[in-house]
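Close look at the chain arrangement
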Amino acid sequence: MMTTDNPAISHVEKPGRLKFSNVINTLMVLGILISGITTGSIAFRYLEDEKTADSWSILFLELERLSIKWTNKIISSSNKNVYRYVWSKDNRKIIPLTGGRLQELTLEELGIKGEEFNGYSQFKTSLWTLSGESYRGRFYKENKKKLLELTEIDTDNIFVEINQVLNDFSHFYIINRSGQLIYTGNDDITQYNYLERKLVQNFVKQSLTTTFTRYTDLESTDKFGFYRELPYTNMTLFIEIPVESILGVIWKMKVTFYLTLALIIFVSVVIVQIPLVRMNLILSSLIKGSNDIANEDYNVKIGRSSIFEFSKLALAFEEMARRLIQKDNRIKDLIVAEKEKVRLEGQVEIAGTVQELFLANTAIMKEIQKVTSSDIAHVYVPAEDASGDWFQVAYFPESDEVVYAIADVSGHGVGAAMFTAILNGLFEKYRDGCATFPVEDFVKMSGRVMYRIGKTKWACTMQVIVHSQTSNNVQMFNAGHVPAQYYKYQDAEQSKLQEKKKAGMGWKSIQLGSEPLGLSDTPEIASTQFIPESGDVLILYTDGLTEATNPKDKMYGLKRLRKVASEYGRKPSHNLVNALLKSCDEFRDGTPPGDDICIISIRFKSST
């Protein structure tokens, strides 16, 4: 017997509101959020990095082009107002050689030390701001004298293109090597406050000639900063650009993406909620109905649903309840007769009596045997007053088919008996009014009911045999049940002629691998078919027979089953099943039965 938790159902709590729809909604929202946020974060991080790199590359190349153009413009600027100066012998002053408004300059005004002449003379051009005007400077030697030539220039015309490149969203300013502010495109930057800017402070602290960085300025604005010492000049270019001006498009895309993600989540929840609500209602009704039946209230009404196969399940459940109501009156008579017993013992005995009402009995077997060409017999021994084993036999005159069904519900007692009642109700529903028995529909629906009501805490194995007497074809359907034993009469006779006396001679197992019902919502069914010959025997049984134990804790096993079956294989079916039961009782040697036992023997006869 399968070992599965056997929940006590002598007291069943009132079912609460189902929460699985909330779980599904939560999991769906979390799944979309996690995947969306993760994907979006990676994508936008990549886009931001790519956008930043592309922007700086474009800016760097554009400034490279403009810096060459500026240098050429500065060099080729008008020579009007040109002044020449010679350095003093002590290198402390610069004395004019020609007239001009700058009559005398000190090296400190130019920010130059005397020994730096050679360094400045290497520049193609240098710029200073003196007395409010901008001058281009050129250092050279003539007749062993150190000379400085200053040419007055218009920096606004020279640097106007950079404002066109950077537009109005950035700060652009140029500082010479002496620390003078040569040019700025923004009125907020002056000779007196430019040193307070973080980009300039960053430049002073580092020895790099070109770099870009990200920082927060004094106005708490997130910015990208760029500085570059212009080649062959004494100038350093500074550019401050708000991060938003470069990455603003990405940020707008990010906002749009997350708003779209929120809309998708909302729409998904709304769309999924429609079938979930309907499923929730029907499942709540089914759970309430199963609890009502467990508490012996058979007036069950299940709502209709067009979702999947819930409609068929509801109809089958109500049909089962209706048939149980018909038997309820007989159960009440039994309750009156057993009212002196302990409540729990009375409930178990009533459950066992209910089972006897719907299990196929000897009279039914004889009635079916009259119209069939087979010898049928069975034995059924519950381990308790209520059993988890179930079997049925039905004859369909229109198709001339006989259907044998056997099942083994996990555990035994009242809980298992309730599920056998459900199986019997489903069997009767599919049997009534049918020309031929829909085996696969019956087995699959049984699995779904077991799964949805038992919630994987209950399961059962099942085997269904359909014998067409017209074609003499046997179809076998199996769902996790123990393998049936098949006796080939001709093979056994041939072995006997060859004087082979091996135990179990002529018997073989029909193995059909599949899982028990109740473990999933979509049970799998294995099947096979064969043509029996006259004298062949098929034994269906539950594992309570082969797993019976003796005082030494040894199991009865398949080998003993076949040995007894070989001795009685040629005798009538009732002799065979009784011999198997007697052999099992002798083997147990007083050990209480650990499980229910059900055996069905079918001896096939020629249909001609």
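Residues numbered from 1 in each chain as written. Predicted model: local features only at pLDDT ≥ 70, side-chain atom pairs only at ≥ 80, totals over all residues. Heavy atoms only, no water.

This part takes up the pattern of salt bridges. Inspection of the entire model under this criterion finds nine salt bridges. Asp-49 is the partner of Arg-45 in a salt bridge, and the nearest nitrogen-oxygen pair spans 3.7 Å. Of this pair, Arg-45 and Asp-49 are both found in helix H1 (residues 20-75), four residues apart, which corresponds to roughly one turn of the helix. One connected set of salt bridges, linked through shared partners, spans Arg-197, Lys-223 and Glu-240. (Salt bridge = Lys/Arg side-chain N within 4 Å of Asp/Glu carboxyl O. Helix = DSSP H or I, 4+ residues; strand = E, 2+ residues; numbered from the N terminus.)

Moving on, we come to a nonpolar patch on the surface. A cluster of nonpolar side chains, namely Leu-263, Phe-266, Val-267, Val-270 and Ile-271, defines an oily patch on the protein surface of about 470 Å² accessible area. With respect to the helices and strands, Ile-271 occurs in helix H7 (residues 243-294). Looking at Ile-271, the relative accessible area reads 53%, which means it is exposed. (Patch = residues over 30% accessible without salt bridge, like charges linked within 9 Å, V, L, I, M, F, W, Y side chains within 5 Å. Areas by Shrake-Rupley, 256 points an atom, 1.4 Å probe, with all protein chains shown as cover. Buried < 20%, exposed > 50% of the residue type's maximum accessible area, 1.4 Å probe, protein only.)

The next thing to look at is the packing of aromatic side chains. For the coordinates displayed, the defined rule picks out 17 aromatic pairs. Between the aromatic rings of Tyr-430 and Phe-442, the centroid separation amounts to 6.4 Å while the plane-to-plane angle is 70°, which identifies the pairing as edge-to-face. Taken together, the residues Tyr-430 in helix H11 (residues 414-431) and Phe-442 in helix H12 (residues 439-454) connect sequence positions twelve residues apart. Each member of the pair, Tyr-430 as well as Phe-442, carries the same accessibility label: buried. Aromatic ring contacts, followed pair by pair, group Trp-390, Phe-396, Phe-427, Tyr-430, Phe-437 and Phe-442 into a single cluster. (Phe/Tyr/Trp six-rings, centres within 6.5 Å; stacked < 30°, edge-to-face > 60°.)

Together, Lys-552, Lys-554, Lys-559, Arg-560 and Lys-563 give the surface a local cluster of positive charge. Within the secondary structure, Arg-560 is located in helix H15 (residues 557-568). You can call Arg-560 partly exposed: its relative accessible area is 37%. (Lys, Arg positive; Asp, Glu negative; His and termini not counted. Charge placed at Lys NZ, Arg CZ, Asp CG, Glu CD.)

Before going further, it helps to spend a moment on the sheet that holds strand S9 (residues 210-216). Paired through their backbone hydrogen bonds, the strands of a sheet run either parallel or antiparallel. The strand order across the open sheet built from five strands is S8-S7-S11-S10-S9, with neighbouring strands paired in antiparallel fashion. For this open sheet the edge positions go to strand S8 (181-184) and S9, each flanked by a neighbour on one side alone. The mean inter-strand angle of the sheet, taken between neighbouring strand axes irrespective of direction, is 20°. Where S9 lies against strand S10 (residues 222-229), seven bridges are found, and the strand directions are antiparallel. By the bridge assignment for S10, Tyr-215 is matched with Lys-223. (Pairing = 2+ DSSP bridges. Axes fitted to C-alpha atoms, helices over the stretch in contact; angles between N-to-C directions.)

Take H12 next. If you check H12, its first and last C-alpha atoms are 22 Å apart, about what 16 residues at 1.5 Å a residue would give, namely 22 Å. In terms of burial, H12 is a largely internal element, twelve of the 16 residues being buried. Within the sequence span of H12, burial applies to Val-439, Phe-442, Val-443, Met-445, Ser-446, Gly-447, Arg-448, Val-449, Met-450, Arg-452, Ile-453 and Gly-454. Among the residues trailing H12, Lys-455 stands out with phi positive, at a value near 55°. (Expected span 1.5 Å × (residues − 1).)

Bringing the sheet that holds strand S19 (residues 526-530) into the picture now. Judged by pairing direction, the sheet is antiparallel, and its five strands sit side by side in the order S13-S14-S15-S16-S19 without closing on themselves. For this open sheet the edge positions go to strand S13 (389-396) and S19, each flanked by a neighbour on one side alone. Strand-to-strand twist of the sheet, defined as the mean angle between neighbouring strand axes without regard to direction, takes the value 10°. Note: strand S15 (residues 460-468) against strand S16 (residues 473-479), six bridges, orientation antiparallel.

All right, on to H15 then. Between the first and last C-alpha of H15 there are 17 Å, a value that for twelve residues agrees with the 16 Å anticipated at 1.5 Å per step. Within the sequence span of H15, burial applies to Gly-557, Leu-561, Val-564, Ala-565 and Ser-566. Tucked into the core, H15 has its buried residues touching strand S17 (484-487), strand S18 (507-510), strand S20 (537-541), helix H14 (543-546) and helix H16 (573-588). (Contact = heavy atoms within 4.5 Å.)

Turning our attention to the packing of H15 against H16. At a closest axis distance of 9 Å, the pairing of H15 and H16 adopts a crossing angle of 140°. Taken together, the axes of H15 and H16 lie oblique to each other. For H15 against H16, the interelement crossing comes out right-handed. Facing Arg-560, Leu-561, Val-564, Ala-565 and Tyr-568 of H15, the residues of H16 in contact are Asn-575, Leu-576, Ala-579, Leu-580, Ser-583 and Phe-587. In the contact of H15 with H16, the residues fall into eight nonpolar, two polar and one charged. (Parallel < 35°, antiparallel > 145°, perpendicular 65-115°, else oblique. Left-handed = near helix turned anticlockwise from the far one by under 90°. Nonpolar A, V, L, I, M, F, W, Y, C, P; charged D, E, K, R; others polar.)

Reading predicted coordinates in detail is not appropriate for stretches of low pLDDT. On average, residues of the protein chain carry a pLDDT of 77, and 74% of them reach 70 or more. Taking the mean pLDDT of every element in the protein chain, the minimum, 47, falls on helix H9 (residues 343-358) and the maximum, 94, on S20. Confidence over residues 1-18 falls short of pLDDT 50; this stretch has 40 contacts with residues more than four positions distant or in other chains. (pLDDT = per-residue confidence, 0-100.)

The next thing to look at is the environment of Ser-170. Tracing the backbone shows Ser-170 in the loop between helix H5 (160-166) and strand S7 (171-176). If sequence neighbours within four positions are ignored, Ser-170 has contacts with Glu-240, Ile-241 and Pro-242.

Helix-helix packing is described using two parameters, namely the angle between the two axes and the distance between the axes. Two elements in contact, H11 and H12, have axes whose closest approach is 10 Å; the angle formed by their N-to-C orientations is 145°. Classified by chirality, the crossing of H12 by H11 is right-handed. The segment H11 lies against H12, with Phe-419, Ile-422, Leu-423, Leu-426, Phe-427 and Tyr-430 engaging Asp-441, Phe-442, Met-445, Ser-446, Val-449, Met-450, Ile-453 and Gly-454. Residue composition of the contact of H11 with H12, by class: eleven nonpolar, two polar and one charged.

Here the focus is the environment of Leu-237. Along the chain, Leu-237 falls in strand S11 (residues 235-242). Owing to a relative accessible area of 0%, Leu-237 belongs among the buried residues under this scheme. Separated by 27 residues in sequence, Leu-237 and Thr-210 place their C-alpha atoms 9.4 Å apart. Excluding anything up to four places from it in sequence, Leu-237 contacts Leu-63, Trp-70, Ile-162, Phe-172, Tyr-173, Ile-174, Phe-226, Tyr-227, Arg-228 and Leu-230.

What follows deals with the side chain of Ser-601. Along the chain, Ser-601 falls in strand S21 (residues 597-604). Its relative accessible area of 1% is what places Ser-601 among the buried residues. Beyond its immediate stretch of four places on either side in the chain, Ser-601 contacts Asp-375, Ile-376, Ala-377, Val-537, Leu-538, Ser-573, Leu-576 and Val-577.

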